[in-house]
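Summary of structural features
Below are the chains, spelled out letter by letter.
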Amino acid sequence: MRTVRMHGCLEILVLTTLMMLPEVCLCAEGRFAQKLLNDLMEDYSSALRPVDDTESSLNVTLQVTLSQIKDMDERNQMLIAYLWIRQTWHDTHLRWRKEDYDGLEVIRIPSSLVWRPDLVLYNKADDDFSGPADTNVVLRYTGEITWDAPAITKSSCVVDVSYFPFDSQQCNLTFGSWTYNGNQVDIHMGMASGELSDLVENVEWECHGMPAVKNVIMYGCCPDPYPDITYTLLLQRRSSFYICNLLLPCFLIAFLAPLGFYLPADSGEKVSLGVTVLLALTVFQMMVAESLPPSESVPLIGKYYIATMTMVTASTALTIFIMNIHFCGAEAKPVPHWAKVLIIDCMSKIFFVYEVGESCVSPSDSDTLHEKLHETLHEATRLHPCTGPQVEPCLYCPPELLPNLEFITHCFREQRETGRKVKEWKKVAKVMDRFFMWIFFIMIFLMSILIIIGKAP
Ligand SMILES: *[C@@H]1O[C@H](CO)[C@@H](O)[C@H](O)[C@H]1NC(C)=O
Ligand SMILES: *[C@@H]1O[C@H](CO)[C@@H](O)[C@H](O)[C@H]1NC(C)=O
């Protein structure tokens, strides 16, 4: 009976203890954390390097995660990136026995309360010198401090645009302590490369890795080493945007230029087509020049524009010369014999220049002349009718009309001769037009191939 009551009492006691336990624990942790912080900070100074022996070095582990490439400014040679920087080190003054504080292992406190390594980005291109954000640090009872801080960095980056828009860039991010040398604060790499798993894809740049190396620099002045960690961001430009907007229109416009040779000379548009093409190319070249740094090395696309523009200028100039040949009038000398053999006989066959124009024009010309001659003869027979009884008009011409007739024949022959000469010059111009059209087509085609092949650096 007694034992039973005892048991009941115990049960109630255990139950009440169990029910109260969580509350007690929470209260205790809050209270202990407060006590711990007071104890830790009692005679702590965040100004001094937290080592037992001032001769020994403090190891800081650095790990950088690339979160986003915000902008690559080629013109100002600057990379703006959003980084998460994690630094881990041991603070000998911030340790505690977790048993004394109810098993408390980890506390989070503002980073401004503890000593922090003064790691900075050496190749910073920014004018404001604020460091990483003042986020909290995670403090373990072993004295290990982990400090995660986000940072938007503007770093200088040597941009080489020789292969634009098929270029790839390497941007260095060098971190090191600003005041401590390697014997005081030694930096270690957390991993062999920067983290890219949380990277937000950039529309223009593809990230191909971020390997890290540790460099130790010895300056001539002092025996102390100065370590730094350099992350090299490997970027490859996504070129499809530039292919669509800068290269393809230029290809198309450039292929229009040789067609200027095919345009009939009498349309009077041959030269203006060349000049229009030239102006359109200039607009594209200016667009490229505006977005790239004014560097010594001309980018690939700039070279293509310059070559194309030179070619279009040459074709326009040639067109002007050929137009002169085309409009060689009646006063011109006859086509030299070699030109007749070479151009009219050989080249016209090679370039398939058919006599379409000539056959259209020449018969009608001679027809009208024939008609006129016929009319004259008819007139002559009408004025002096034949004496015979024939019904048909006979071709008897009175002798006083003969000189006139001879003159008319002579005129006719001369006219035909001149017509032939003009036609020959026109044909020379046409063959030359066709010849240059093919030459320029081939050249523009080769150049377009070259720029596509030449992208591989
Ligand atoms: C720092 O790191 C080096 C090499 O990893 C090690 O030899 C040294 O003991 C470390 N120092 C401290 C204080 O942990
Ligand atoms: C970037 O850093 C690497 C490793 O330290 C170095 O080899 C390379 O020359 C650096 N590049 C530039 C452009 O400074």
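Residues numbered from 1 in each chain as written. Chains lettered and ligands numbered in written order. Predicted model: local features only at pLDDT ≥ 70, side-chain atom pairs only at ≥ 80, totals over all residues. Heavy atoms only, no water.

Quick look at the overall build of the chain now. The number of helices and strands found in the chain is seven helices and eleven strands. The buried share among the 457 residues of the chain stands at 35%. A total accessible area of about 27,400 Å² is found for the chain, and carbon and sulfur atoms account for 62% of it. (Helix = DSSP H or I, 4+ residues; strand = E, 2+ residues; numbered from the N terminus. Buried < 20%, exposed > 50% of the residue type's maximum accessible area, 1.4 Å probe, protein only. Areas by Shrake-Rupley, 256 points an atom, 1.4 Å probe, with all protein chains shown as cover.)

Glancing now at the state of the cysteines. In total, this model carries one disulfide according to the counting rule given. Cys-157 shares a disulfide with Cys-171; S-S distance 1.9 Å. With the S-S bond torsion at -80°, the cross-link from Cys-157 to Cys-171 turns out left-handed. Of the two residues, Cys-157 is situated in the loop between strand E6 (144-156) and strand E7 (168-177) and Cys-171 in strand E7; the sequence distance between them amounts to 14 residues. By the burial criterion, Cys-157 is buried, and Cys-171 matches it. (Disulfide = S-S within 2.5 Å.)

With respect to spatial proximity, the complete set of residues near ligand 1 consists of Ser-57, Asn-59 and His-188. At 2.2 Å, a side-chain N or O of Asn-59 approaches an oxygen atom of ligand 1. For ligand 1, the protein covers 27% of the area, taking 360 Å² as the surface of the free molecule. (Near = heavy atom within 4 Å. Polar contact = N/O pair within 3.5 Å; in protein donor to acceptor, adjacent residues only side chain to side chain.)

Here the focus is the side chain of Ser-239. As for its placement among the helices and strands, Ser-239 is situated in the loop between strand E11 (225-237) and helix H2 (240-256). Ignoring any residue separated from it by four or fewer positions in sequence, one finds Ser-239 in contact with Pro-165 and Phe-166. (Contact = heavy atoms within 4.5 Å.)

To continue, consider H2. Given 3.6 residues per helical turn, the α-helix brings residues three or four places apart onto the same face. In this model, H2 (17 residues) spans 23 Å end to end at C-alpha, consistent with the 24 Å of a helix rising 1.5 Å per residue. Roughly 35° is the biggest bend found in H2, and it falls at Leu-247, with proline Pro-249 one to four residues downstream. Among the structural elements, E11, helix H3 (270-291), helix H4 (300-326) and helix H7 (402-453) are those in contact with the buried residues of H2. (Expected span 1.5 Å × (residues − 1). Bend = angle between axes of the 7 residues up to and from the residue.)

With their axes 9 Å apart at the nearest point, H3 and H4 run at an angle of 165° to one another. The angle between H3 and H4 falls in the class roughly antiparallel. For H3 against H4, the interelement crossing comes out left-handed. Between H3, through Lys-270, Val-271, Gly-274, Val-275, Val-277, Leu-278, Leu-281, Thr-282, Phe-284, Gln-285 and Val-288, and H4, the contact on the second element is made entirely by Ile-301, Tyr-305, Ile-306, Thr-308, Met-309, Val-312, Thr-313, Thr-316, Thr-319, Ile-320 and Met-323. Looking at the contact of H3 with H4 residue by residue, the classes come out as 14 nonpolar, seven polar and one charged. (Axes fitted to C-alpha atoms, helices over the stretch in contact; angles between N-to-C directions. Parallel < 35°, antiparallel > 145°, perpendicular 65-115°, else oblique. Left-handed = near helix turned anticlockwise from the far one by under 90°. Nonpolar A, V, L, I, M, F, W, Y, C, P; charged D, E, K, R; others polar.)

Another point: the packing of aromatic side chains. Under the counting rule described, the total for this entry stands at 15 aromatic pairs. Residues Trp-89 and Trp-115 carry aromatic rings whose centres are separated by 6.0 Å and whose planes lie at 85° to one another, so their mutual orientation is edge-to-face. Residue Trp-89 is found in strand E2 (residues 78-90), and its partner Trp-115 is found in the loop between strand E3 (106-110) and strand E4 (119-121); the two are separated by 26 residues along the sequence. The ring of Phe-32 has Arg-31 lying over it, and the distance from NZ or CZ to the ring centre is 5.1 Å. (Phe/Tyr/Trp six-rings, centres within 6.5 Å; stacked < 30°, edge-to-face > 60°. Lys NZ or Arg CZ within 6 Å of the ring centre and 35° of its normal.)

The immediate surroundings of ligand 2 are formed by Asn-172, Val-213, Asn-215 and Thr-230. One of the side-chain nitrogen or oxygen atoms of Asn-215 is found 3.3 Å away from an oxygen atom of ligand 2. Contact with the protein chains removes 41% of the 360 Å² of surface that ligand 2 exposes when unbound. Grouping the amino acids of the shell around ligand 2 by side-chain chemistry returns one nonpolar, three polar and no charged.

Tallied over the entire structure, the rule returns 18 salt bridges. One salt bridge in this structure joins Asp-100 and Arg-97, with 3.4 Å as the shortest N-O distance. Note that Arg-140 is salt-bridged to Glu-105, the shortest N-O span being 3.9 Å. Of this pair, Arg-140 sits in strand E5 (residues 136-140) while Glu-105 sits in the loop between E2 and E3; the two residues are 35 residues apart in sequence, bridging distant segments of the chain. Owing to a relative accessible area of 29%, Arg-140 belongs among the partly exposed residues under this scheme. In the salt-bridge network here, residues are joined through shared partners; they are Glu-74, Asp-167, Glu-204 and Arg-237. (Salt bridge = Lys/Arg side-chain N within 4 Å of Asp/Glu carboxyl O.)

Here we take up the sheet that holds E6. One key point about sheets: their strands pair by backbone hydrogen bonds, in either a parallel or an antiparallel sense. With respect to topology, six strands assemble into an open sheet ordered E3-E5-E6-E2-E1-E8, the strand pairing being mixed. The sheet is open, and its two edges are formed by E3 and strand E8 (185-189), each paired on a single side. Ignoring which end each strand starts from, the neighbouring axes of this sheet average 30° apart. The sheet contact formed by strand E1 (residues 58-73) and E2 spans eleven bridges and is antiparallel. (Pairing = 2+ DSSP bridges.)

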